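These are the residues of each chain, in order.
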Amino acid sequence: MSLHIVLVEPEIPSNTGNIARTCALTGTVLHLVRPLGFSVDDKALKRAGLDYWNLVEIHYYDSFFEVLEKYPNGEFYYATTKTKNKYTDNHYKDGSFFVFGKETKGLSKEILEGNMDKGIRIPMRNNIARSLNLANSVNIILYEALRQLNFPSIE
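In what follows, the accompanying structure is described. (Residues numbered from 1 in each chain as written. Predicted model: local features only at pLDDT ≥ 70, side-chain atom pairs only at ≥ 80, totals over all residues. Heavy atoms only, no water.)

**Some details on the overall build of the protein chain**
At step 1: A count of helices and strands for the protein chain gives five helices and six strands.
At step 2: Starting at the N terminus, the α and β elements of the protein chain follow one another as β-α-β-α-β-α-β-β-α-β-α.
At step 3: Against the 2.2 N^0.38 benchmark of 15 Å for 155 residues, the protein chain shows a C-alpha radius of gyration of 15 Å, consistent with a compact globule.
At step 4: Taking all 155 residues of the protein chain together, the buried fraction comes to 43%.
At step 5: Per element, the accessible surface of the protein chain, about 8600 Å² overall, is 48% carbon and sulfur. (Helix = DSSP H or I, 4+ residues; strand = E, 2+ residues; numbered from the N terminus. Rg over C-alpha atoms; globule rule 2.2 N^0.38 Å. Buried < 20%, exposed > 50% of the residue type's maximum accessible area, 1.4 Å probe, protein only. Areas by Shrake-Rupley, 256 points an atom, 1.4 Å probe, with all protein chains shown as cover.)

Spelled out as structure tokens, the structure:
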């Protein structure tokens, strides 16, 4: 049993490191889609992930569409500020995938096109800032899914 976090072209090493740490501690699989805005050997990335980096199941891809090809029956949810659907409006299943875009632009139109029914957002005040920090957003959504599944395999 596991959930999946997909980061499409992440740019900031400390965000990815913090997300990797969360994935390690929750048994969540991490999928990283290139290009990455950093080297996976980057000291900031390893520092943010601390000694958890080697405890994470990580898969690398050259495009998001490779993820879709590898998991054709996967249930994908797309984090975006461009939808009205709140992340709490869904009933997540074991094996769900949560897709997040790069920090500066979010998910591309190509990824969102045809998938807005599976778009999810975190409610926040309008016109204050673009959105929450990527690592915070991943944690909020991931922990809601884990809560719904009664925190499988974690205490």
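**Some words on helix H5 (residues 134–148)**
At step 1: The end-to-end C-alpha distance of H5 is 21 Å, a good match for the 21 Å that 15 residues give at a rise of 1.5 Å each.
At step 2: The set of residues buried in H5 consists of Leu134, Ala135, Ser137, Val138, Ile141, Leu142, Glu144, Ala145 and Leu146.
At step 3: Tucked into the core, H5 has its buried residues touching strand S1 (4–8), helix H1 (13–26), strand S4 (76–79), strand S5 (97–100) and strand S6 (119–120).
At step 4: The N-cap of H5, judged by a side-chain oxygen 2.8 Å from the amide nitrogen of alanine 135 a few residues on, is asparagine 133.
At step 5: One or two positions beyond H5, positive phi appears at asparagine 150, with a value near 65 degrees. (Expected span 1.5 Å × (residues − 1). Contact = heavy atoms within 4.5 Å. Polar contact = N/O pair within 3.5 Å; in protein donor to acceptor, adjacent residues only side chain to side chain.)

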